[in-house]
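# A structural walkthrough
Each chain, letter by letter, is given below.
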Amino acid sequence: MASWDDVRRVALALPETTERGSYDDLPAWRVRDKMFAWERPLRRADLDALGDAAPDGPILAARVPDLGAKEALLADDPAVYFTVPHLDGYPAVLVRLDRIGAAELTELLTEAWYARAPKRLAAAHRAGA
């Protein structure tokens, strides 16, 4: 389904988005230096926590507006969205990149961007969208 090229294309089409390495120097997308999406491979603790349910393949992390939105995504499509204990209490979801369609990826990244963009920039984008 989606690829890193798709993520890059959608994210960089959003206003004032830059691509810069994350803490692990993996691809990450930011709006005014606030990270809203990033590559997030599973770590040993994640693999231990997920056990047999641990996916293989590319994993995208994306910010969400709040914990309610996170819970809604997790409940809505657990084949695509999941989380790990490291993200408990943090408004972000993990995405099986190879299971998300282009339209849903665009919506997810746009909402992640809105969650991190300054209010005036977000309002200007909404007004023009």
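Presented here is an overview of the structure given in this document. Note that the structure is predicted; figures quoted are calculated from it, not measured. (Residues numbered from 1 in each chain as written. Predicted model: local features only at pLDDT ≥ 70, side-chain atom pairs only at ≥ 80, totals over all residues. Heavy atoms only, no water.)

## Focus: unusual backbone geometry
Selection criterion: Helix numbering and strand numbering both begin at the N terminus, where a helix is a DSSP run of H or I of at least 4 residues and a strand a DSSP run of E of at least 2. For every residue, the accessible area obtained with a 1.4 Å probe (protein chains only) is divided by the maximum for its type, and the residue is called buried under 20%, exposed over 50%, and partly exposed between those limits.
Within the chain, Arg32 stands out as a residue other than glycine whose phi angle is a positive 45°. With respect to the helices, strands and loops of the structure, Arg32 is situated in the loop between β2 (28-31) and β3 (34-39). Using a relative accessible area of 47% as the deciding quantity, one classes Arg32 as partly exposed. The backbone phi angle of Asp33 is positive, close to 70°, even though this residue is not glycine.

## Remarks on the packing of aromatic side chains
Each aromatic ring pair is described using two quantities: the centre-to-centre distance and the angle formed by the ring planes. Threshold: Here is the rule: rings of Phe, Tyr and Trp (six-membered ring for Trp) pair when centre to centre is within 6.5 Å. Planes less than 30 degrees apart are stacked, more than 60 are edge-to-face, and the remainder are tilted. For a Lys NZ or an Arg CZ to count as sitting over a ring, it must be within 6 Å of the ring centre and within 35 degrees of the ring normal.
Overall, the coordinates contain two aromatic pairs when judged by the stated rule. An angle of 15° between the planes, with centres 6.3 Å apart, marks the rings of Trp4 and Trp29 as stacked. Of this pair, Trp4 sits in helix α1 (residues 4-12) while Trp29 sits in strand β2, placing them 25 residues apart in sequence. Judged by its relative accessible area of 0%, Trp29 is buried. With a centroid separation of 5.2 Å and an interplanar angle of 70°, the aromatic rings of Trp113 and Tyr114 are classed as edge-to-face. A single burial state applies to Trp113 and to Tyr114, both of which are buried. Positioned over the ring face of Tyr114 is Arg126, at 3.8 Å from the centre of the ring.

## Thoughts on the sheet that holds strand β4 (residues 59-63)
Heads up, the condition is: In this scheme, strands are said to pair when DSSP sees at least two bridges between them. We call two residues in contact whenever any of their non-hydrogen atoms come within 4.5 Å of each other. What counts as an axis is a line fitted to C-alpha atoms, over the stretch in contact for a helix, and the angles between N-to-C directions run from 0 to 180 degrees.
Pairing in this open sheet of six strands is antiparallel, and the strands run β1-β2-β3-β4-β6-β5 from one edge to the other. The two strands at the open ends of the sheet, each matched to only one other strand, are β1 (17-19) and β5 (81-82). Contacts from helix α3 (residues 67-76) reach β5 and β6 (92-96) within the one sheet, and its direction differs from that of β6 by about 25°.

## Thoughts on the pairing of β4
A regular strand carries its side chains on alternate faces of the sheet. With five of five residues buried, β4 is to be regarded as a mostly interior element. Of the two faces of β4, both are covered, the one formed by Ile59, Ala61 and Arg63 as well as the one formed by Leu60 and Ala62. Pairing geometry for β3 and β4, over three bridges, is antiparallel. Within the sheet, the bridge partner assigned to Glu39 lies in β4 and is Leu60. Both β4 and β6 contribute to a ladder of five bridges, which runs antiparallel. Bridging across to β6, Ala61 finds its partner in Leu94.

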